[in-house]
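Structural overview for review
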Amino acid sequence: ETTNRCNLDCIMCERRLEQPDDLMSREIFDACINRLAYGYAAIEVSGLGEPTLCKDFPYHATSIYNEGKVLYFPTNGYGIAKTAVLDSLKDSDDTRVSFSLDAATQDTYGRVRPDKKGRPGDFDLVVKNIRNFKHAKPNARLQVAFVGAGYNIDEFPDVVRLAIDLGATNTNFSWVRCWAISPEENSLRFRQDQTLR
């Protein structure tokens, strides 16, 4: 977890219970990489935060590649457009990026992924950034992630279609654990009418 900072305030995120705001130092990162250099084929840079917000992201990517490892990281897609971030990524299978989308429309995306000031997230911008990433790094693996809940499950088929259109290698589905919202309304455990069709 190179950072636990985030630029969004997603309704299903456990960060709503606690708002950490910290970055990993280069010294700690280097110590982690040294320990992971043997026996692992890939290193995931993730956690509670948005990895691309870390000012040292290009350093992290370069260090992982220099160890001959695959770099994997999830992202909300906003920071991937930064020149320093994009330029630091290899155009090869050694780069695997999972874009968290969770919606197929601006209305749903805006509600699920608001920014820190409560303004709706920008679905069109994220889709544009994913397209630009795929154009710039056509040989990298692109995944679209979908966290399903009562408020967005109907859009999952459209997200799969969008992922195909974006050139994604796969779509990853998981269910919301409802850290910050009412489980009875939104957890798929209570929405069998929607999930068993």
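The shown structure was predicted, so the numbers you read here are calculated from the model rather than taken from an experiment.

Thresholds applied
Residues numbered from 1 in each chain as written. Predicted model: local features only at pLDDT ≥ 70, side-chain atom pairs only at ≥ 80, totals over all residues. Heavy atoms only, no water. Helix = DSSP H or I, 4+ residues; strand = E, 2+ residues; numbered from the N terminus. Buried < 20%, exposed > 50% of the residue type's maximum accessible area, 1.4 Å probe, protein only. Contact = heavy atoms within 4.5 Å. Areas by Shrake-Rupley, 256 points an atom, 1.4 Å probe, with all protein chains shown as cover. Salt bridge = Lys/Arg side-chain N within 4 Å of Asp/Glu carboxyl O. Core = buried A, V, L, I, M, F, W, Y, C linked by side-chain atoms within 4.5 Å. Axes fitted to C-alpha atoms, helices over the stretch in contact; angles between N-to-C directions. Nonpolar A, V, L, I, M, F, W, Y, C, P; charged D, E, K, R; others polar. Polar contact = N/O pair within 3.5 Å; in protein donor to acceptor, adjacent residues only side chain to side chain. Pairing = 2+ DSSP bridges. Right-handed = clockwise from strand over helix to strand, strands pointing away.

A word on the overall build of the chain
The helix and strand tally for the chain stands at eight helices and five strands. Per-residue burial for the chain yields a buried fraction of 46% across its 197 residues. Within the chain, residue pairs in contact and separated by at least 24 positions form 71% of the contacts whose partners lie at least 6 positions apart. Within the structure as shown, the chain displays about 10200 Å² of accessible surface, and the carbon and sulfur contribution to it stands at 50%.

Topic: the pattern of salt bridges
Oppositely charged side chains are able to pair whenever their charged atoms sit close together. Under the counting rule described, the total for this entry stands at ten salt bridges. Close ionic contact of R113 with D102 constitutes a salt bridge, the shortest N to O distance being 2.8 Å. Of this pair, R113 sits in the loop between α4 (106-112) and α5 (123-136) while D102 sits in the loop between β3 (95-100) and α4, and the two are eleven residues apart along the sequence. Take R113 and D102: they sit in the same class, and that class is buried. Here R131 ties to D165 by a salt bridge, and the two come within 2.6 Å at their closest N and O atoms. Residue R131 is located in helix α5, and its partner D165 is located in helix α6 (residues 156-166); the two are separated by 34 residues in the primary sequence.

So, the nonpolar core
Counting 44 residues, the largest nonpolar core has L71, F73, L89, L101, Y109 and F133 as the members making the most contacts within it. Beyond its immediate chain neighbours, meaning those up to four positions away, L71 contacts I43, V45, F57, A61, I64, Y65, L89, D94, T95 and R96.

Quick notes on the packing of α5 against α6
Running from N to C, α5 and α6 point in directions that differ by 35 degrees, and their axes come no closer than 10 Å. On α6, the residues touching F123, V127, I130, R131 and K134 of α5 are L162, D165 and L166. Class assignment of the residues belonging to the contact of α5 with α6 gives a composition of five nonpolar, no polar and three charged.

Some words on the environment of E44
Locating E44 in the fold gives a position in strand β1 (residues 42-44). Overall, E44 belongs to the partly exposed group, its relative accessible area being 47%. Those residues in contact with E44, other than ones at most four positions away along the chain, are Y72 and P74. A distance of 2.7 Å separates polar atoms of two side chains, one belonging to E44 and the other to S46.

Some thoughts on the sheet that holds strand β5 (residues 170-175)
One open sheet accounts for five strands, arranged β1-β2-β3-β4-β5; its pairing is parallel. This sheet does not close on itself; its edge strands, each paired only once, are β1 and β5. Between one strand and the next, the sheet's axes are offset by a mean angle of 20 degrees, whatever the strand orientation. With six bridges connecting them, strand β4 (residues 141-148) and β5 associate as parallel partners. Bridge assignment links G148 to a residue of β5, and that residue is W175. Lying on the sheet, helix α2 (residues 57-66) is in contact with β1, β2 (70-75) and β3; it crosses β2 at an angle near 150 degrees. Seen against the sheet, α5 touches β3 and β4 and runs at an angle of roughly 170 degrees to β3.

Comments concerning α2
Three or more residues of α2 are buried, namely F57, H60, A61, S63, I64 and Y65. Elements in contact with the buried residues of α2: α1 (26-36), β1, β2, α3 (83-88) and β3. Positive phi shows up at G68, right after α2, with a value of about 75 degrees.

Concerning the pairing of β2
With three bridges joining them, β1 and β2 adopt parallel strand pairing. Within β2, the position partnered with I43 by the bridge is L71. Read from β1 through α2 to β2, the crossover connection turns out right-handed. Sheet topology places β2 next to β3; five bridges connect them, and they run parallel. When the sheet's bridge partners are listed, Y72 is paired in β3 with R96. With respect to chirality, the unit in which β2 leads through α3 into the neighbouring parallel β3 is right-handed.

Considerations on unusual backbone geometry
One non-glycine residue, D102, lies in positive phi territory at about 65 degrees. We classify D102 as buried; its relative accessible area is 0%.

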